[in-house]
Amino acid sequence: MNDSKKIGFWTCTALVVGNVIGIGIFLLPASLAPYGFNALIGWTITLLGCLTLARVFSHLAHALPNAEGPYGYIRSTLGELPAYMALWAYWVSLWLTNAALATGVVGYITVVFPALNVIQPALFALGLLWSLVIINLFGVRTGGSVQIVTTALKLLPMLAIALLGGWVLLTSPASYVAHPPATPVTLHDVMAASTIALFAMLGIESASVPAARVENPGRTIPRATMTGTVLTAIIYIIVSTVPLLLIQQQELANASAPFSLLMERFGSAGSGRWLALFVVVSGLGALNGWTLLVGELTRTMAVNGVLPAPFARTNRRDAPAVALIVTGALASVMVWMSYSKSLVSAFTFITRVVTAANLPLYLCCALALAALWRRGAARHAVLPVAIIGALYVVFAFVGIGHEPLVLGLGLIAAGLPLYAFMRLRRRKAAQPAKA
């Protein structure tokens, strides 16, 4: 691939930050409010766990720079079947995420621009979804450029919340202790809050997925992964703590737009609506980033023979055209299904499945790093990182609950017939060559 068509450090960092910070963080303070201070403890555990997983991906990218991302990391260490099972569930989660983002953005954009309510919501969501597919058909650098711009814009409301929190701390510090959360701290609530927070951190692996399209992946991906994850962790700690301490617990739990409520309460009148505009930008940026990733992941799996060969085809701009169109179509089906039930219940269902579907990838990558250490292909210092990363994923599996775990395992099982079919085809194709 021509180096002029590859992406560098800033685009990879924007992929991490832009994909992690989607729409979820703008609703998360309300979701976590019932847990009180359990939420802050859960956030701490989640952020430490995700920083450890970021180190896992960084070490793997450094040790296996030519592996074309997580599929290659797992396949070269644990084998083809574990790689397929983990990446199949992850692949499904990507286009499920795109469906959730498209429907979520429509909900916010009609608040900012009420005149757009005349457009049928499902058609509006599909229009946004396919607009981002078209942008990424122009190549990874075009999609990457859009990602840099939207990531820069989505950081502005995060900065506004941080500045508002600092201003209130300086001018009215008593506001932070006026009505502390009353929920007692328990292990059960800490685990539940940690699992909810994990959904908002999904995407830390984003820089490693398009590894074949990255300049100097052995150096660029580790730097971008850690930079993006640390930056996101700092942002999340601040913007989650400020509303939890400044807004009464029950009121925050019932807020449909907690950051807008915070800005209206402690900032200037009308600022909440402007914040909603940045939510739209944030959602579109995440939709663009995940569209780029699902196209690249689909192409990688097809190149490795576990998805049909046409998915590996690229257009004249070297974009995985067939992969983008097929995954766009799959996400479109989920968009139509989302509007057959209430938006909240659809979004909740999708997010739980997506979280469960990401965990096998994280676990397998931690085990892959341990396998590299055992072979002597990685430094001795990586073993604690691999162990802590694996233990954190097990903790998340326990915390996520029975139903999402079964759904995640069901996703993996659903992909096994395709794996068996593709494996049989490869064997048949290899037989004449041997003869």
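Residues numbered from 1 in each chain as written. Predicted model: local features only at pLDDT ≥ 70, side-chain atom pairs only at ≥ 80, totals over all residues. Heavy atoms only, no water.

A.B. asks: How do you make sense of the overall build of the protein chain when you look at a structure like this?
C.D. replies: When its secondary structure is counted, the protein chain shows 16 helices and 0 strands. Against the 2.2 N^0.38 benchmark of 22 Å for 435 residues, the protein chain shows a C-alpha radius of gyration of 21 Å, consistent with a compact globule. Here the C-alpha coordinates of the protein chain stretch approximately 80 × 55 × 40 Å along the principal axes. Within the protein chain, the fraction of its 435 residues that count as buried is 56%. Summarising the internal contacts of the protein chain: among those between residues at least 6 apart in sequence, 82% fall at separations of at least 24. When the accessible surface of the protein chain is split by element, carbon and sulfur atoms take 69% of a total near 17600 Å². (Helix = DSSP H or I, 4+ residues; strand = E, 2+ residues; numbered from the N terminus. Rg over C-alpha atoms; globule rule 2.2 N^0.38 Å. Buried < 20%, exposed > 50% of the residue type's maximum accessible area, 1.4 Å probe, protein only. Contact = heavy atoms within 4.5 Å. Areas by Shrake-Rupley, 256 points an atom, 1.4 Å probe, with all protein chains shown as cover.)

A.B. asks: Where do I start with empty space enclosed by the protein in this structure?
C.D. replies: Gaps left between atoms show up when a probe the size of a water molecule is rolled over them. A full pass over the atoms with the stated rule returns 4 cavities of 30 Å³ or more. In this structure, the largest cavity spans a volume of roughly 210 Å³. Along the walls of the largest cavity sit 18 residues, with Asn19, Thr97, Leu101, Phe199 and Trp290 positioned nearest its centre. Elements with a contribution of two residues or more to the lining of the largest cavity: helix 1 (9-20), helix 5 (80-112), helix 8 (187-201) and helix 14 (343-375). (1 Å grid on protein atoms, 1.4 Å probe; cavity = no way out; pocket = protein on both sides within 12 Å on 5 of 7 lines; lining within 4 Å. Points joined across faces, edges and corners; volume = space filled by probe spheres on them.)

A.B. asks: Whenever I open this one, the nonpolar core confuses me. Can you help?
C.D. replies: Across soluble globular proteins, you tend to see nonpolar side chains buried next to one another. Residues Trp43 and Tyr236 are the most contacted members of the largest nonpolar core, which totals 130 residues. What tryptophan 43 contacts, discounting residues up to four positions off in sequence, is Ile25, Leu28, Leu32, Ala197, Ala200, Met201, Tyr236 and Ser240. (Core = buried A, V, L, I, M, F, W, Y, C linked by side-chain atoms within 4.5 Å.)

A.B. asks: Please explain the environment of leucine 292 as it appears in this structure.
C.D. replies: Note that leucine 292 resides in helix 12 (residues 271-303). Distance in space between the C-alpha atoms of leucine 292 and glutamine 249 is 38 Å, their sequence separation being 43 residues. If we ignore the near neighbours within four places in the chain, the residues touching leucine 292 are Leu15, Asn136, Val140, Gly143, Gly144 and Pro210.

A.B. asks: Mind showing me how you'd approach the side chain of threonine 151 here?
C.D. replies: Residue position: threonine 151 is located in helix 7 (residues 140-171). The exposure class assigned to threonine 151 is buried, which follows from its relative accessible area of 7%. Setting aside chain neighbours within four positions, we find threonine 151 in contact with Ala14, Val17 and Gly18.

A.B. asks: I tried to follow the pattern of salt bridges on my own but got confused; where do I start?
C.D. replies: Note that side chains of opposite charge can pair when their charged atoms are close. For the coordinates displayed, the defined rule picks out 8 salt bridges. Arginine 75 is the partner of glutamate 80 in a salt bridge, and the nearest nitrogen-oxygen pair spans 3.2 Å. Its relative accessible area of 14% is what places glutamate 80 among the buried residues. Between arginine 426 and glutamate 80 there is a salt bridge, with its nearest N and O atoms 2.8 Å apart. Taken together, the residues span a long stretch of sequence, with arginine 426 in helix 16 (residues 402-434) and glutamate 80 in helix 5 at a distance of 346 residues. Three or more residues joined by partner-sharing salt bridges are found here, namely Glu68, Arg213, Glu296, Arg299 and Asp318. (Salt bridge = Lys/Arg side-chain N within 4 Å of Asp/Glu carboxyl O.)

A.B. asks: What is the right way to read helix 2 (residues 24-32) from this model?
C.D. replies: The periodicity of an α-helix, 3.6 residues per turn, causes residues three or four places apart in sequence to face the same way. Taking burial as the measure, the 9 residues of helix 2 include 7 buried ones, the bulk of the element. For helix 2, every residue scored as buried is listed here: Gly24, Ile25, Phe26, Leu28, Pro29, Ala30 and Leu32.

A.B. asks: How should I be thinking about unusual backbone geometry in this particular structure?
C.D. replies: Excluding glycine, a negative phi dihedral is what most residues carry, and trans is how most peptide bonds are arranged. In this structure, asparagine 216 is a non-glycine residue whose phi angle is positive, near 45°. Relative to the assigned elements, asparagine 216 resides in the loop between helix 8 and helix 9 (217-246). Although it is not a glycine, aspartate 318 adopts a positive phi angle of roughly 65°. Here aspartate 318 lies in the loop between helix 12 and helix 13 (321-338).

A.B. asks: Would you explain the packing of helix 3 (residues 37-63) against helix 15 (residues 382-400) in this entry?
C.D. replies: What describes two packed helices is the angle between their axes and the distance between those same axes. For the pair helix 3 and helix 15, the least separation of the axes is 9 Å and the interaxial angle reads 130°. Regarding the angle of helix 3 to helix 15, the classification is oblique. Handedness of the crossing formed by helix 3 with helix 15: left-handed. On helix 15, the residues that touch Ile45, Thr46, Gly49, Cys50, Thr52, Leu53, Arg55, Val56 and His59 of helix 3 are Val382, Val385, Ile388, Gly389, Tyr392, Val393 and Phe395. Each residue belonging to the contact of helix 3 with helix 15 can be placed in one class, and the counts come to 10 nonpolar, 5 polar and 1 charged. (Axes fitted to C-alpha atoms, helices over the stretch in contact; angles between N-to-C directions. Parallel < 35°, antiparallel > 145°, perpendicular 65-115°, else oblique. Left-handed = near helix turned anticlockwise from the far one by under 90°. Nonpolar A, V, L, I, M, F, W, Y, C, P; charged D, E, K, R; others polar.)

A.B. asks: How should I be thinking about the side chain of glutamine 249 in this particular structure?
C.D. replies: Its place among the elements puts glutamine 249 in helix 10 (residues 249-253). The class for glutamine 249 is buried, based on a relative accessible area of 14%. Polar side-chain contacts of glutamine 249 include one of 2.8 Å to the backbone oxygen of alanine 33. In contact with glutamine 249, not counting residues within four places along its chain, are Ala33, Pro34, Tyr35, Gly36, Pro181, Ala182 and Thr183. (Polar contact = N/O pair within 3.5 Å; in protein donor to acceptor, adjacent residues only side chain to side chain.)

A.B. asks: Looking at this structure, how should I read a nonpolar patch on the surface?
C.D. replies: A cluster of nonpolar residues, Val149, Leu153, Leu156, Leu159 and Leu163, forms a patch on the protein surface that exposes about 440 Å² of accessible area. Within the fold, leucine 159 resides in helix 7. On the accessibility criterion, leucine 159 (46% relative accessible area) is partly exposed. (Patch = residues over 30% accessible without salt bridge, like charges linked within 9 Å, V, L, I, M, F, W, Y side chains within 5 Å.)

A.B. asks: Would you mind going over the packing of helix 7 against helix 11 (residues 258-266) with me for this structure?
C.D. replies: Running from N to C, helix 7 and helix 11 point in directions that differ by 40°, and their axes come no closer than 11 Å. Here helix 7 lies oblique to helix 11, going by the angle between them. Handedness of the crossing formed by helix 7 with helix 11: left-handed. Where helix 7 abuts helix 11, its residues Met158, Ala160, Ile161, Leu164, Trp167 and Val168 lie against Phe259, Leu262, Met263 and Phe266. Class assignment of the residues belonging to the contact of helix 7 with helix 11 gives a composition of 10 nonpolar, no polar and no charged.

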